[in-house]
Amino acid sequence: MVWTGCRFTLILMPATTREAPALHLSRPHRPVLVAGTLGELTGPTSGLVELPLRLWWNPMRAFDLDQHTMLTWMYENVLREAIRVDELRTYINGATLVRLWPQLNLPRAVRAAWEARHPRLRHA
C-alpha cells in the first residue's frame, strides 16, 4: 500500500503475514522518506556542499561533489537520514540519483522503498 501526502511518500509493503504491513525503515525507528517525483529533486551536482549536523554529525561536514566517492557518500547519508522532503530536494539531484543508484551502498529498506516508488531506479 502506498500513502502519498503532499510532501512525501511512505511505502508500506506486505509483511510475512497478510494482516500486518511492514513499514520500510532506514534504521530502527526511522521510516524511509521517498520523494514524490525524481524531478522535484534539484540539489547541486558539483562544488562543495556542507550538510547540516542533523544529516551528518562528523566535524568535517563538507562534501566535494566533483569527487565521485564524496558524491556517493553524501547521497547515501542523505537518503538514509532525511526526515523532511526539503532535505531531499536540497541535497539530492534526480538525474544524478538515477546515474548513481546502482553504486549506492544503502540499507535494503531504503533501496526497496525508493525502487517501489520509482521503478526507473530499479532498472538503472
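None of these values were measured; they are calculated from a predicted model.

Notes on the overall build of the chain
The helix and strand tally for the chain stands at five helices and seven strands. Listed N to C, the secondary structure of the chain is β-β-β-β-β-β-β-α-α-α-α-α in terms of helices and strands. Taken over 124 residues, the chain has a buried fraction of 44%. The long-range fraction of contacts in the chain, counting pairs at least 24 apart against all pairs at least 6 apart in sequence, stands at 54%. By element, 57% of the accessible surface of the chain is carried by carbon and sulfur atoms, the whole surface being about 7,100 Å².

Quick notes on the confidence of the model for the chain
Summary statistics for the chain give a mean pLDDT of 83 and a share of 77% for residues scoring 70 or more. Per-element confidence in the chain ranges from a low mean pLDDT of 46 for strand β2 (residues 9–14) to a high of 98 for helix α3 (residues 94–100). Below a pLDDT of 50 lies the segment residues 10–22, which in the model reaches 26 contacts outside its immediate sequence neighbourhood of four places, other chains included.

Rules used in this analysis
Residues numbered from 1 in each chain as written. Predicted model: local features only at pLDDT ≥ 70, side-chain atom pairs only at ≥ 80, totals over all residues. Heavy atoms only, no water. Helix = DSSP H or I, 4+ residues; strand = E, 2+ residues; numbered from the N terminus. Buried < 20%, exposed > 50% of the residue type's maximum accessible area, 1.4 Å probe, protein only. Contact = heavy atoms within 4.5 Å. Areas by Shrake-Rupley, 256 points an atom, 1.4 Å probe, with all protein chains shown as cover. pLDDT = per-residue confidence, 0-100.

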